[in-house]
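Structural features, examined
So the chains spell out like this:
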Amino acid sequence: MASNITPQIRALARTPIVAESRAEKTATVSATAVWNSSAPNLRCKVQKLDSVEKKSQPASPCRSPILSAMRPDLSVACQAFSAEAVNAAEGAEERIYIEGGKLGGNKNGKGVPVYVMMPLDSVTIGNTVNRRKAMNASLQALKSARVEGVMMDVWWGLVERDSPGVYNWGGYSELLEMAKRHGLKVQAVMSFHQCGGNVGDSCFIPLPKWAVEEIDKDPDLAYTDQWGRRNCEYLSLGCDTLAVLKGRTPVQCYSDFMRAFRDNFKHLLSDTIVEIQVGMGPAGELRYPSYPEQNGTWKFPGIGAFQCYDKYMRSSLKAAAEAAGKPEWGNTVPTDAGHYNNWPEDTKFFRKEGGGWSSPYGEFFLGWYSQLLLDHGERMLSSAKAIFENTGAKISVKVAGIHWHYGTRSHAPELTAGYYNTRLRDGYLPIAQMLARHGAVFNFTCIEMRDHEQPQNALCAPEKLVKQVALATREAQVPLAGENALPRYDEYAHEKILQASSLNVDGNSDDREMCAFTYLRMSPHLFQPDNWRRFVAFVKKMNEGKSPDKCWEQVEREAEHFVHVSQPLVQEAAGALMH
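Just so it is clear, the model here is predicted, and its values are computed rather than measured. (Residues numbered from 1 in each chain as written. Predicted model: local features only at pLDDT ≥ 70, side-chain atom pairs only at ≥ 80, totals over all residues. Heavy atoms only, no water.)

1. Quick look at the pairing of strand S12 (residues 480–483)
Side-chain alternation along S12 places Leu-480 and Gly-482 on one buried face and Ala-481 and Glu-483 on a second face that is also buried. Between strand S11 (residues 441–444) and its parallel partner S12, the chain crosses via helix H13 (residues 462–476), and the hand of that crossover is right-handed. Sheet topology note: the S12/strand S13 (residues 516–519) ladder contains 3 bridges and is parallel. The residue of S13 that forms the bridge with Ala-481 is Ala-516. (Buried < 20%, exposed > 50% of the residue type's maximum accessible area, 1.4 Å probe, protein only. Helix = DSSP H or I, 4+ residues; strand = E, 2+ residues; numbered from the N terminus. Right-handed = clockwise from strand over helix to strand, strands pointing away. Pairing = 2+ DSSP bridges.)

2. A short note on the environment of Pro-529
Turning to its location among the elements, Pro-529 is positioned in helix H15 (residues 529–544). Residue classification places Pro-529 among the partly exposed positions, given a relative accessible area of 25%. Along the primary structure Pro-529 and Val-563 are separated by 34 residues, whereas in three dimensions their C-alpha atoms are 8.9 Å apart.

3. Some points on the UniProt feature "active site" (unreviewed entry) in the chain
UniProt records the feature "active site" (unreviewed entry) at Glu-285 and Glu-483, using the numbering of this structure. Across 199 residues in sequence, these annotated residues keep their C-alpha atoms within 12.3 Å of one another, forming a single compact spot. Relative to the assigned elements, Glu-285 resides in the loop between strand S9 (273–278) and helix H9 (311–323). The exposure class assigned to Glu-285 is buried, which follows from its relative accessible area of 7%. Residues contacting Glu-285, with those up to four places away along its chain left out, are Met-280, Tyr-291, Lys-398, Ala-400 and Thr-445. A distance of 3.1 Å separates polar atoms of two side chains, one belonging to Glu-483 and the other to Lys-398. (UniProt positions renumbered as here; feature names shortened; annotations may be inferred. Contact = heavy atoms within 4.5 Å. Polar contact = N/O pair within 3.5 Å; in protein donor to acceptor, adjacent residues only side chain to side chain.)

4. Thoughts on unusual backbone geometry
With an omega of 5°, the peptide bond between Phe-300 and Pro-301 qualifies as cis. In this structure, Pro-301 sits in the loop between S9 and H9. The omega angle of the peptide bond from Leu-520 to Arg-521 is -5°, so this bond is cis rather than trans. Mapped onto the fold, Arg-521 is located in the loop between S13 and H15. With a phi close to 60°, His-405 is a non-glycine residue in the positive phi region.

5. Comments concerning the nonpolar core
Counting 154 residues, the largest nonpolar core has Trp-156, Ile-276, Phe-365 and Phe-535 as its most contacted members. If one sorts the elements of this core by residue count, helix H10 (residues 360–388) sits on top with 14 residues. The contacts of Phe-535, once residues within four sequence positions are left out, are Val-116, Leu-142, Ala-145, Val-147, His-494, Tyr-519 and Leu-526. Membership of the second largest hydrophobic core comes to 5 residues, among which are Tyr-115, Val-274, Ala-481 and Ala-516. (Core = buried A, V, L, I, M, F, W, Y, C linked by side-chain atoms within 4.5 Å.)

6. Brief notes about the side chain of Thr-408
Residue position: Thr-408 is located in the loop between strand S10 (394–399) and helix H11 (412–417). With relative accessibility at 14%, the residue Thr-408 sits in the buried group. Setting aside anything within four residues of it in sequence, one finds Thr-408 in contact with Pro-344, Arg-423 and Leu-459.

7. Some details on the pattern of salt bridges
If you walk through the whole model with that rule in mind, you get 25 salt bridges. Across the pair Arg-230 and Asp-220 runs a salt bridge whose closest N-O atoms are separated by 3.1 Å. Note that Arg-230 is positioned in strand S8 (residues 230–235) and Asp-220 in the loop between helix H7 (209–217) and strand S7 (222–224), a separation of 10 residues in sequence. The partner of Glu-285 in a salt bridge is Arg-287, with the nearest N and O atoms 2.6 Å apart. (Salt bridge = Lys/Arg side-chain N within 4 Å of Asp/Glu carboxyl O.)

8. Some thoughts on the packing of aromatic side chains
Given two aromatic rings, one states the distance between the centres and the angle between the planes to describe the pair. For the coordinates displayed, the defined rule picks out 39 aromatic pairs. Judged by centre distance (5.2 Å) and plane angle (55°), the rings of Tyr-291 and Trp-298 are tilted. In this structure Tyr-291 comes out as buried when scored by relative accessible area, which is 11%. Taking relative accessible area as the criterion, Trp-298 reaches 2% and is therefore assigned buried. Connected via pairs of aromatic rings, a cluster forms that spans Tyr-223, Tyr-288, Phe-306, Trp-329, Phe-349, Phe-350, Tyr-361, Phe-364, Phe-365, Trp-368 and Tyr-369. A cation over an aromatic ring shows up here: Lys-326 above the ring of Trp-329, its NZ or CZ 5.4 Å from the ring centre. Positioned above the aromatic ring of Tyr-492, the side-chain terminus of Arg-450 is 3.7 Å from the ring centre. (Phe/Tyr/Trp six-rings, centres within 6.5 Å; stacked < 30°, edge-to-face > 60°. Lys NZ or Arg CZ within 6 Å of the ring centre and 35° of its normal.)

So this is what it looks like as structure tokens:
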């Protein structure tokens, strides 16, 4: 957008929408009226979610769907993502004002609020807002669709980049104020991991320079596999409590960062910043970096590899073995667990018949490996809870949806990631119970996936996995939130999310629903006309919550009516960007 185009779409609500142009044309509509009035003579029948025609979808969790080319007459947000369009718009004079209070939310308080993940590079390496005009236009568009808010990564490697204890919040201050201005809530992710090397990573943001320097001096601060490969996405939890970072422990560094965030943004906590998601591993998830995509190390649906060969982890293993009265078990880590891209039956450790995973040693090792991850979560949550207590912000933790080889006995990919989940043992209940002790939200991925969309020879079962997690959170009485693992814009995926968010896993979910859903991700693809229309309808349906008279066709029609009425306004601005 041009520098003299100042879209100030604060919120679509009960006040009019006015469009101004050089010709002094004006158009006024009531957004609320559009939403509250159905199209006349609408005939509709309720359909079961699973009765919709199936579409061919990506099988791998590492490949996004092939999307159609963008049209030139989309929305402000869509066009603003193009730097060329932004530069070409200099000198344009059109302005759009959509004023008013809060739109969306349910009168009865039910329904599942929808958040949208912001781009990973929303803040630049220089700590300024990236693509400021595009970001502003995108937030306006999201608010108009009744989205509850956005999720943003607050990168440790950007804010505390140059010197320990020196924080630069510049870009985040502006971004958070922008969200507040548009009436959007924020889920702030304390991203203590590297960006780059995981599914969907579109940029590279390393750990702080001074932390990387310490890793260079002591490579065992990084996770290590049995072949000596170091992974610097996240500091090894083996050194959590050791003063290895210029006089501070990693957990102290994380705590100081969260405390500085709280102190700097205390005026926004509760009203704008409603959730703090505590990063606990690669991709911000509570897990080991067992399936790194970087440099082609791992490819779906490989089993991954254990990450416990640094000296700190091996020292912990030795101590645990001695405590168990089996000191010999502390001298070695499984060497028969295969390679990153093997399948369970290729290995002695994970095979179903006589596999080492079910032996006394295997049970000891897997118990130790998974317990270290739980202990790491306990330390991080204890700190986060103390820091953000009485601020009004919730605490959440993200857990990975590792659904491949779920149908095998050993569940090898889950085991290498640190989730001690097998056909004989529930690995998600201990995680849920740990979160419940700290009043934290259990955030889980792969909510949009269906079993039949995945490679059946790899015995993928995302639906069964989501059901297991839902049951575990219900037993532990901890709130469950969800995310989609891959970008999806089709109704078939939306319907699966609606179904999963109802938490009707055994026909007896009562009034329980997911506490929130975060949609992956803000991008030009989301603002393509067809994708945007479907997304608006999806958000409306999620906001409605459980209802016996749900009708997807009716909601689609209402969404089309709304999108059609507001389209001239966004097209005017989009047209200005092209000249």
